[in-house]
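Structural features, examined
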Amino acid sequence: MKPSLAARARQRLADAGTRLRARRRDVAPPQRNASPPRPGPSLRKRVGDLEAEVQELRRLSFRVAELTDLVQELLVPAATRDEERLRKLLEEYDAGH
Amino acid sequence: MGELGTGFRVDDDGFSFQAEDGLVLDVLFDDRRVWSLASDDFPPDGSGTRSVSWPLPIRKRLEGAATVELREHATGATFAVTEASFGKGDGRVLLVDSAGRPLAVTKWGRLNRPFSTLDRDVVDAYLDQVEQVLSVLRDECGVPAFLAFGSLLGAVREGKLIGHDVDVDLGYFSRHEHPADVIREGFRIERVLRSRGYEPVRENGGFLAIFLPQPDGTRRNLDIFTAFCCDGMLYQVHDVTTPGSEADVLPLRTIHFEGRRIPVPSRPEVFLEAAYGPSWRVPNPAFQFNPRRLDRRRIHGWFGGLRERRDFWSRHYAAEGRRIPETPSPFARWVAEREPAGRLFDVGCGNGRDTRFFVAHGYDVTPLDLLPRASRRVLGRLPAHTRPQVQPFNLQSLRQALATGGRASFERRPVTVYGRFLLHALSDYSRENFWRFTSMALSGGGRCYLEFRTDRDATLPKAFGRHFRRFLSPEAVAAEARAAGGRVVHTEAGRSMSPFENEDPHLCRMIVEWKP
């Protein structure tokens, strides 16, 4: 016969308690008067490396903007194969910055 | 040297005084303000004395006598005063421009003419120009534009320009949220301004400077800083990074400013507190922007990079221009022996010494440089009808490298790319762009001639001292040239190629060829 709802609830609670007690045994108790661990050189280096990587990604915004702008301003005349217009646009674009 | 009981002592190197923290002092020569400082920036020694060195622009002009006064900015009261004599000069110390107009040191450490020294009609003419730029931004660029930074501060506090300020700052709000889109919109705005006759200079992805001609023959700049929102933060290049939203900017409102009504953000205090701190209401001519490292890196990462070393080269040519040789370099003569007169791009032409040589020998030269004005004197000696126009060329700009390379590719004939003492002065990224430009320019065939400091030059004496240089091995440069599609046809390295004053650098001369 299937256990009652109450019995199943009691069993689930008991299982949770068992798991909690097992976890407590695995965790070392905190030591009195211990100072917090200081970040070692490897952590500082990792943070420095991460900062450099983030900065590199940020710089991509400018590159993407530049390339998009260049393509957008010059692509249409290039597609029309209007060489004279393209040459003039290129001259204006180059003089523009 | 002067001395007064307050411990105020003045000499050619600087001055010292005793004062508590938190004092903002104006420095006056003969009753005219030349600089301002904050006592906090000069910690006292054991005897309570603070020592201050003259800023370089003042130090260079210290000849003669002056009544030197420290005046409390907040109250106008004299804090200390003394008579002082400097150098060996007669007369009074003159901190004026070539037309005799008074100058003062700005917060950026340069001499300029603050608004307080200008006639009213000159200020009004400048403000008319400012309003014209505001209307172009609003009506033709379609962006809400407003007063920013120092101008916003003066407008909100007192309804007028801050007397010791030297320019007006404007901002505009971009509705884009990604920096790439904000920057791209800025490129469009720059083109619109240029089409209306302005000459904007792009300082970075979110900062444009416009130099406006003034009735007295000078030019005064107007700076435009981009603002935008992203992920709950309000940003304005360079010094506003704060929690905020579009509602802090829009709708714009107008306030009284120098007798006019000028647009400002909906909540200007948000911008002012972010830029100047909680005490923004207290005037402080010695204020220095000091953003958090985190915020500075973020803004620079998104928008910065175009000005790498430009300020150094500008100072270098101003200070050392007369020392830099103006006769043709040995390398120019070496190239002329190997390359018949034809179309030539002098990349990084510097003071123009080699451009002048090539023009005189019949080459059709396009000189390119980060600072076109550096070659004004040397190229000015060429007859007007042969004098080429130096094209601004910033290799930190990918757009410029590609556009200039694209224009050069229209030559459709062999050309020469000449780069003397260029490669080692470039960042790695600029050097990549140099190769991009060169491969495009030589798409019709031709040769690239390079002379650069090698890795063996790193520890050798330098006539102009230590500054940024990337010492490159010839092998590494050859590999880059090949990766760009060129073929190295000549390499030689050693000394005695270009001795100058106390240095005989270890150089490499390289010829790289491109076939059409």
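Located above this text is the structure these notes cover.
Structural notes, computed from the coordinates.

Conventions adopted
- Residues numbered from 1 in each chain as written.
- Chains lettered and ligands numbered in written order.
- Predicted model: local features only at pLDDT ≥ 70, side-chain atom pairs only at ≥ 80, totals over all residues.
- Heavy atoms only, no water.
- Helix = DSSP H or I, 4+ residues; strand = E, 2+ residues; numbered from the N terminus.
- Buried < 20%, exposed > 50% of the residue type's maximum accessible area, 1.4 Å probe, protein only.
- Areas by Shrake-Rupley, 256 points an atom, 1.4 Å probe, with all protein chains shown as cover.
- Contact = heavy atoms within 4.5 Å.
- Buried area = accessible area lost by both parts, 1.4 Å probe.
- Salt bridge = Lys/Arg side-chain N within 4 Å of Asp/Glu carboxyl O.
- Polar contact = N/O pair within 3.5 Å; in protein donor to acceptor, adjacent residues only side chain to side chain.
- Pairing = 2+ DSSP bridges.
- Axes fitted to C-alpha atoms, helices over the stretch in contact; angles between N-to-C directions.
- 1 Å grid on protein atoms, 1.4 Å probe; cavity = no way out; pocket = protein on both sides within 12 Å on 5 of 7 lines; lining within 4 Å.
- Points joined across faces, edges and corners; volume = space filled by probe spheres on them.

**Re the overall build of chain A**
Summing up its helical and strand segments, chain A has three helices and zero strands in all. Buried positions account for 20% of the 97 residues belonging to chain A. Carbon and sulfur atoms provide 59% of the accessible area of chain A, an area that totals close to 8200 Å².

**Some words on the interface of chain B and chain A**
You'll often see interface size given as the accessible area lost when the parts meet. The interface of chain B with chain A comprises 33 residues on the first partner and 27 residues on the second. Across the chain B/chain A interface, buried area totals approximately 2800 Å², and carbon plus sulfur atoms make up 56% of it. Scanning the region where chain B abuts chain A turns up five salt bridges. A salt bridge links D94 of chain A to R407 of chain B; the shortest N-O distance between them is 3.1 Å. Seen at the junction of chain B and chain A, the total is 16 residue pairs in polar contact (both at pLDDT 80 or more). Secondary-structure elements contributing two or more residues to the side of chain B that touches chain A are α4 (179-195), α6 (293-303) and α11 (398-409) of chain B.

**What to know about the sheet that holds strand β7 (residues 64-72) of chain B**
Residues and elements named next belong to chain B. Ordered in space as β5-β4-β7-β8, the four strands form an open sheet in which the pairing is antiparallel. Among the strands making up the open sheet, the edge pair consists of β5 (32-38) and β8 (78-86). Strand-to-strand twist of the sheet, defined as the mean angle between neighbouring strand axes without regard to direction, takes the value 20°. Relative to β7, strand β4 (residues 24-29) is paired through five bridges, and the arrangement is antiparallel. Bridge pairing in β7 places V27 opposite L70.

**Thoughts on empty space enclosed by the protein**
Empty space among the atoms becomes visible once a probe the size of a water molecule is rolled across them. All names here are of chain B. According to the stated counting rule, one finds one cavity of 30 Å³ or more in the structure shown. Approximately 30 Å³ is the volume found for the largest cavity. What lines the largest cavity is Y172, G186, R202, G205, G206, F207, L208, I224 and T226. Of all the secondary structure elements, the ones that give two or more residues to the lining of the largest cavity are β14 (207-213) and β15 (219-230).

**A look at the pattern of salt bridges**
Inspection of every chain in the model, using the stated rule, returns 56 salt bridges over all chains. The closest approach of N and O atoms between K160 of chain B and E158 of chain B, which form a salt bridge, is 4.0 Å. A salt bridge links R453 of chain B to D457 of chain B; the nearest nitrogen and oxygen atoms lie 2.8 Å apart. Residues R453 of chain B and D457 of chain B agree in their burial class; the two are buried. One salt-bridge network, held together by shared partners, links D69 and E73 of chain A together with E190, R191, R194, R202 and R399 of chain B.

**Here we look at the environment of R307 of chain B**
All names here are of chain B. Along the chain, R307 turns up in the loop between α6 and α7 (310-320). By relative accessible area, which is 28% here, R307 ends up partly exposed. Setting aside anything within four residues of it in sequence, one finds R307 in contact with R110, E203 and F207. In terms of polar contacts, R307 uses its side chain to reach the side chain of D311, at 2.8 Å.

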